Amino acid sequence: QKDGYRFFMEKEIYEQSTVMSETIMGRVLADKIILDELDDDFFEGINAIKICACGTSYHSALTAAYLFERISKIRCDVEIASEFRYKEPLLSEDTLFITISQSGETADTLEALKMAKRAGLKSLSICNVDNSSIVRESNAAILTRAGIEKGVASTKAFATQTMVLWILALYMGQEKQTVSPDVLAKEIDAILHTPKALVVTDRLHAKLTRLSKRYLHGHGFFFIGRDIFFPLALEGALKLKEISYLHAEGYPAGEMKHGPIALADSDLFTIALMPKTMHYDKIKSNVEELSARDATICAISPESFELADDFIQTRYDTHPMLEFFEMMVVTQLLALEISVRLGNDVDMPRNLAKSVTVE
Ligand code: M6R
């Protein structure tokens, strides 16, 4: 069942390219986005979006918030479901309530959805499991079509959730005419290139296997990024924590000087997400500051970076989302190889369950 791969997680990382084509199929045409799952008047009366989710799904939600505001020009805020449940939130009926869940059974996310429904909000779920509790409770659902995900550490579910949310943001933009046909065409072109950006090359995997040797000790990892690369940094850190049990934190790169940089020394490994298409100079200067404090820098970028102790060159430098997906694969494989080297059970990490059906 592992098809020659050592772990389900590894298989699922490699599968992302083909699975993504399934996610896109029939939804993204040459000049138009189609979402049959949504009625024509689905967005009528909607002026804001609230997204609730947990764990990795929360990270795809954070990514989506940038996309909804930038592309669909709609206010979007994101909350961790377990926090939302008990904060006595103020909800208004012009808000679309989106839940994101791989399993569709996460107790906190399900309860958040029920609360929103009781408050009269329209709901939409982004889910990998048809007919799951969350799908059944929602007014509409868009399935991610990732196929069964066995590794406890989520990979292809995150990738496909993020894709569905990108498609949804564009669909809203198309319907509300907040995206011009030119921009839409460019976005569609990038979407159609995504499966290629997700292909794992032998060269990349070998490089990360070699690199993993250096990253077993030290006192922790910072994953840093800006904009959509900040949620990706959070997700990279979560992946590493889950399967290597090493301490890792994700930060917005611009936040380092507000405290975390105090930790910087050569035993602090910084995984810097340095996309060419998004605030490159800003992140570069953030990384320079860390390097000046002797932090060990692993730069992931299409552009070589002279201060990097280790450098992983990515291939795509034409669209932020293509860079996002390519860098996502790098962080997943890095976590995998570190975990393998430590002799951990990659697919069944200690203390974790695939689906969290109790609060
Ligand atoms: O099934 P869900 O997407 O609702 O699950 C949410 C989290 O429990 C899940 O993403 C968890 O954080 C994963 N172990 C991440 O790899």
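Located above this text is the structure these notes cover.
Quick caveat: nothing in here was measured; it's all calculated off a predicted structure.

Caption draft 1: Quick look at the packing of helix α7 (residues 181–197) against helix α11 (residues 320–341). Interaxial distance between α7 and α11 falls to 9 Å at its minimum, and their mutual angle equals 20°. One element, α7, and the other, α11, form an angle in the roughly parallel class. Crossing of α7 against α11: the hand is right-handed. Residues Ala190, His193, Thr194 and Ala197 of α7 touch α11, and the partners they reach there are Leu322, Phe325 and Glu326.

Caption draft 2: Seen up close, the sheet that holds strand β10 (residues 310–313). Across the sheet, five strands lie side by side as β7-β6-β8-β9-β10; this open sheet has parallel pairing. A single partner strand is all that each edge strand has here, and the edge strands are β7 (248–252) and β10. On average, adjacent strands in this sheet sit at an angle of 15° to one another, irrespective of strand direction. Sheet topology note: the strand β6 (residues 220–225)/β7 ladder contains five bridges and is parallel. Counted as the bridge partner of Phe223 is Gly250 from β7. On top of the sheet, helix α8 (residues 202–212) reaches β9 (296–301) and β10; it is set at about 165° to β10, its chief contact.

Caption draft 3: How the structure looks around the pairing of strand β1 (residues 48–53). With six of its six residues buried, β1 lies for the most part within the structure. Burial along β1 is two-sided: the residues Ala48, Lys50 and Cys52 and Ile49, Ile51 and Ala53 are all buried. Alignment of β1 against strand β2 (residues 75–80), held across six bridges, turns out to be parallel. From the neighbouring strand, Cys52 faces β2, where its bridge partner is Glu79. For the handedness criterion, the β-α-β arrangement of β1, helix α2 (residues 55–72) and β2 is classed as right-handed. Examined bridge by bridge, β1 and strand β3 (residues 95–101) share five bridges and lie parallel to one another. Its bridge partner being in β3, Ala48 is matched across the sheet by Thr95.

Caption draft 4: Molecular detail of the packing of α2 against helix α9 (residues 229–244). Two elements in contact, α2 and α9, have axes whose closest approach is 8 Å; the angle formed by their N-to-C orientations is 170°. Looking at the two axes, α2 sits roughly antiparallel to α9. Between α2, through Gly55, Thr56, His59, Leu62, Thr63 and Tyr66, and α9, the contact on the second element is made entirely by Phe230, Pro231, Leu234, Glu235, Leu238 and Lys239. Across the contact of α2 with α9, the residue classes break down as six nonpolar, four polar and two charged.

Caption draft 5: Layout of the site of the ligand. As a matter of local geometry, the ligand sits amid 13 residues, with Ser57, Ser101, Gln102, Thr106 and Glu242 nearest to it. A distance of 2.6 Å separates an oxygen atom of the ligand from a polar side-chain atom of Ser101. Ser154 has a polar backbone atom sitting 2.8 Å from an oxygen atom of the ligand. Relative to its unbound accessible surface of 410 Å², the ligand loses 91% to contact with the protein. Per element, the largest residue contribution to the shell around the ligand is three residues, and it comes from α2.

Caption draft 6: Layout of the pattern of salt bridges. All chains considered together, the criterion is met by 22 salt bridges. Glu15 is the salt-bridge partner of Lys11, the closest N and O atoms lying 3.3 Å from each other. Residue Lys11 and its partner Glu15 are both found in helix α1 (residues 8–24); the two are separated by four residues, about one turn of the helix. The residues Lys11 and Glu15 share a single accessibility class, namely buried. A salt bridge links Lys276 to Glu303; the nearest nitrogen and oxygen atoms lie 3.4 Å apart. Residue Lys276 is located in the loop between β8 (268–273) and α10 (280–292), and its partner Glu303 is located in the loop between β9 and β10; the two are separated by 27 residues in the primary sequence. Since its relative accessible area comes to 33%, Glu303 is described here as partly exposed. Overlapping salt bridges bring together Asp3, Lys11, Glu15 and Lys156 as one network.

Scoring rules and cut-offs
- Residues numbered from 1 in each chain as written.
- Predicted model: local features only at pLDDT ≥ 70, side-chain atom pairs only at ≥ 80, totals over all residues.
- Heavy atoms only, no water.
- Axes fitted to C-alpha atoms, helices over the stretch in contact; angles between N-to-C directions.
- Helix = DSSP H or I, 4+ residues; strand = E, 2+ residues; numbered from the N terminus.
- Parallel < 35°, antiparallel > 145°, perpendicular 65-115°, else oblique.
- Left-handed = near helix turned anticlockwise from the far one by under 90°.
- Contact = heavy atoms within 4.5 Å.
- Pairing = 2+ DSSP bridges.
- Buried < 20%, exposed > 50% of the residue type's maximum accessible area, 1.4 Å probe, protein only.
- Right-handed = clockwise from strand over helix to strand, strands pointing away.
- Nonpolar A, V, L, I, M, F, W, Y, C, P; charged D, E, K, R; others polar.
- Near = heavy atom within 4 Å.
- Polar contact = N/O pair within 3.5 Å; in protein donor to acceptor, adjacent residues only side chain to side chain.
- Areas by Shrake-Rupley, 256 points an atom, 1.4 Å probe, with all protein chains shown as cover.
- Salt bridge = Lys/Arg side-chain N within 4 Å of Asp/Glu carboxyl O.

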